[in-house]
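Overview (structure and organization)
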Amino acid sequence: MNTNKTMPVLPIEAYTSQEWFNKEQKYIFSNTWQFAGFIEDLNEPGDYLTVQAGLNNILVIYGEDQQLKAFHNVCRHRGTQLLRAVGKSKKFITCPYHDWTYTLDGELSAVPERKTQFPDLDMSLLCLHKASVGVWRGMIFVHPDANAESLSNWFGGIEPYLGAHQPEKLVEYEGARTRHEINANWKIVVENYIDGYHLAHLHSETLFMYDHRKQQTGFVGNHFYFYEPLAKDYGADIQNNSPYPLIDHIPPEKIGAYVPMLFPNLGLSETESTWSIFHIIPIAPDKCVVEIRSKIMPVSSWDFAAQEWKSWNYFKSRQGDKYKTKDKNDPMASGDFMAEDIYVCEQQQKSLQSPYFSVGAIAKDLEKSVYQYQRNVQNYIEKQS
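Read on for an overview of the structure. The structure presented is a predicted model; accordingly, all values stated were derived computationally and were not measured.

**Details of the overall build of the protein chain**
When its secondary structure is counted, the protein chain shows 9 helices and 19 strands. Relative to the globule expectation of 21 Å for 385 residues, the C-alpha radius of gyration of the protein chain, 23 Å, shows essentially globular dimensions. Dimensions of the protein chain, computed from C-alpha atoms along their principal axes, come out at roughly 75 × 55 × 40 Å. Of all intrachain contacts in the protein chain linking residues separated by at least 6 positions in sequence, the fraction that spans at least 24 positions is 64%. Of the accessible surface of the protein chain, which amounts to about 19,100 Å², a share of 49% is contributed by carbon and sulfur atoms. For the protein chain, the distance from the average site of its 37 positive side-chain charges to the average site of its 47 negative ones is 2 Å.

**Description of the packing of aromatic side chains**
The geometry of an aromatic ring pair comes down to the distance between the two centres and the angle between the two planes. Taken as a whole, this structure holds 24 aromatic pairs when the rule is applied. Their ring planes at 20° and their centres at 5.5 Å tell us that Tyr 244 and Phe 304 sit as a pair that is stacked. Taken together, the residues span a long stretch of sequence, with Tyr 244 in the loop between α6 (238-241) and β15 (257-258) and Phe 304 in helix α7 (residues 301-315) at a distance of 60 residues. Taken together, the ring pairs connect Phe 35, Phe 38, Trp 136, Phe 141, Phe 155 and Trp 275 into an aromatic cluster. The ring of Phe 38 has Arg 293 lying over it, and the distance from NZ or CZ to the ring centre is 4.2 Å. The ring of Phe 38 carries Lys 295 above its face, with NZ or CZ at 4.5 Å from the centroid.

**Considering the pairing of strand β3 (residues 56-62)**
Of all 7 residues making up β3, 7 are buried, and the element is well covered by its neighbours. Neither face of β3 is exposed, since Asn 56, Ile 58, Val 60 and Tyr 62 on one face and Asn 57, Leu 59 and Ile 61 on the opposite face are all buried. Where strand β2 (residues 48-53) and β3 come together, 6 bridges link them in antiparallel fashion. Each bridged residue has a counterpart across the sheet, and for Ala 53 the counterpart in β3 is Asn 56. Between β2 and β3, which pair antiparallel one after the other, the connecting turn spans 2 residues, and Gly 54 there sits at a positive phi close to 65°. Note: β3 against strand β4 (residues 68-72), 5 bridges, orientation antiparallel. Residue Tyr 62 lies in a different strand from β4, and its bridge partner there is Leu 68. With antiparallel pairing between neighbouring strands as the criterion, β3 and β4 make up a hairpin whose turn holds 5 residues, including Gln 66 at a positive phi of roughly 65°.

**Some thoughts on the nonpolar core**
Met 139, Phe 141 and Ile 280 are the most contacted members of the largest nonpolar core, which has 68 residues in total. The element that contributes the greatest number of residues to this core is helix α4 (residues 186-194), accounting for 6 residues. Ignoring any residue separated from it by four or fewer positions in sequence, one finds Phe 141 in contact with Trp 33, Gln 34, Phe 35, Ala 36, Ser 132, Val 133, Gly 134, Trp 136, Leu 151, Phe 155 and Leu 266. Listed in part, the 18 residues of the second largest apolar core include Cys 75, Cys 95, Val 111 and Leu 126.

**Considerations on the environment of Gly 138**
The residue Gly 138 is located in the loop between β9 (132-136) and β10 (139-143) in this model. Between the C-alpha atoms of Gly 138 and Pro 167, which are 29 residues apart in sequence, the distance is 6.1 Å. For Gly 138, the contacting residues outside a window of four places in its chain are Gly 37, Phe 38, Ile 39, Glu 40 and Glu 168.

**Notes on unusual backbone geometry**
With an omega of 0°, the peptide bond between Phe 263 and Pro 264 qualifies as cis. Following the sequence through the fold, Pro 264 ends up in the loop between β16 (261-262) and β17 (266-270). A positive phi angle, close to 55°, is found at Glu 113, a residue other than glycine. Among the secondary structure elements, Glu 113 is positioned in the loop between β8 (108-110) and α2 (114-117). Even without a glycine there, the phi angle at Arg 137 is positive, about 50°.

**Observations regarding the sheet that holds strand β1 (residues 34-38)**
Strand order in the open sheet formed by 3 strands is β1-β10-β9, with antiparallel pairing between adjacent strands. With partners counted over all chains shown, the strands left at the sheet margins are β1 and β9, one partner each. Strand-to-strand, the axes of this sheet are offset by a mean angle of 30°, without reference to chain direction. One ladder, built from 4 bridges, connects β1 with β10; its direction is antiparallel. Across the sheet, Gln 34 pairs through a bridge with Val 142, a residue of β10.

**With respect to α7**
In this model α7 runs 21 Å from its N-terminal to its C-terminal C-alpha over 15 residues, within 8% of the 21 Å that 1.5 Å per residue would give. Three or more residues of α7 are buried, namely Phe 304, Gln 307, Ser 311 and Tyr 314. Along the axis of α7, the buried positions cluster into a sector of 65°, meaning they face one direction only. Facing away from the buried surface of α7 by more than 90 degrees, the exposed residues are Ser 301, Trp 302 and Trp 309. Close packing links the buried residues of α7 with α5 (232-236), α6 and β19 (287-296).

**Quick word on the side chain of Thr 274**
Examined against the element boundaries, Thr 274 turns out to sit in the loop between β17 and β18 (275-284). Not counting residues up to four positions away in its chain, the partners in contact with Thr 274 are His 165, Tyr 244, Ile 247, Ser 269, Lys 295 and Ile 296.

**What to know about the pairing of β19**
Judged by how many residues are buried, β19 sits mostly within the fold: 8 of 10 residues are covered. As paired strands, strand β11 (residues 171-172) and β19 are joined by 2 bridges and run antiparallel to one another. Paired with Val 171 across the bridge in β19 is Ile 296. As defined by bridge partners, β18 adjoins β19 across 9 bridges and the pair is classed as antiparallel. Counted as the bridge partner of Phe 278 is Ile 292 from β19. Linking β18 back to β19 in an antiparallel pair, the connection comprises 2 residues.

Rules used in this analysis
- Residues numbered from 1 in each chain as written.
- Predicted model: local features only at pLDDT ≥ 70, side-chain atom pairs only at ≥ 80, totals over all residues.
- Heavy atoms only, no water.
- Helix = DSSP H or I, 4+ residues; strand = E, 2+ residues; numbered from the N terminus.
- Rg over C-alpha atoms; globule rule 2.2 N^0.38 Å.
- Contact = heavy atoms within 4.5 Å.
- Areas by Shrake-Rupley, 256 points an atom, 1.4 Å probe, with all protein chains shown as cover.
- Lys, Arg positive; Asp, Glu negative; His and termini not counted.
- Charge placed at Lys NZ, Arg CZ, Asp CG, Glu CD.
- Phe/Tyr/Trp six-rings, centres within 6.5 Å; stacked < 30°, edge-to-face > 60°.
- Lys NZ or Arg CZ within 6 Å of the ring centre and 35° of its normal.
- Buried < 20%, exposed > 50% of the residue type's maximum accessible area, 1.4 Å probe, protein only.
- Pairing = 2+ DSSP bridges.
- Core = buried A, V, L, I, M, F, W, Y, C linked by side-chain atoms within 4.5 Å.
- Axes fitted to C-alpha atoms, helices over the stretch in contact; angles between N-to-C directions.
- Expected span 1.5 Å × (residues − 1).
- Arc of directions from axis to C-beta.

Shown next, in the form of structure tokens:
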């Protein structure tokens, strides 16, 4: 296949038009498993969270039976959204509009003025609409369909290509939790994430710890996998060079960076010392949000600080300033690979408006994932529509 002659697969409108955005919400995000949170986000009966899955707002609640339940966050009376964001210790689910109340199992249990205003109401017929919920690798996922394909089937093929990390044994590092608003279409951010060509160039001063020449990539169905080993100098003294305590259950032969993109929009970053999710949330044709949450080894604050101090000797000569401008307001001088990625994604989105925009060529190996991802999006929409 000569991808230079077939790229791009998707038209510019796929990144700029509301019509395309609406199709994706309907045919992709309303028909796939979507990340909702970590299992530890819901600890006690009545704890809940809500998540948008395409056209559907889904609520997940930890039931009295210590099981997760998922429902469409829509009151059966007049359709008002029941719960907002996240919360703790709900005994019931109550609509803010008219106080219709449901049990944690989704059953309608109370209707104000029922005898006078709804004398013939059969409450058993107005339970909340069910959705699907599952847990995989310590993450909660939801699907709008109550009879969705199982999570084990959805992710089964990609599992052999993931790292040996056990997220359930790690703890969240709250200091690394970030939310980025990006003025670019969500697919541009995904394509940047899976683009192997840019790693040694855009991130030459920020991701030098890995050997980008030895990356291994491919697709299992619609899911993308990626692995690359540690750079030789970094790995030679990894016990001291790592900025965070090493994850102790990763076998030495498995160490490196595993960075898959789970279709359609959840990236994982599984490294020698961290395990992170990279959740890309579509907002508009030209806007998305990326939420990042990270986990590390459950060590003391002292051990954590001591490891950072040891790694200083390795990182001290690296300033993260690609063009040596010393301008900390310049993303290319920030020392932050996320800032670098955001900058180029937003610049690419701007260029889509130019009559001179085109894709002149695509790297034979290092950008073929972008071509395949576009094909996957196109095929998924065609299959579902």
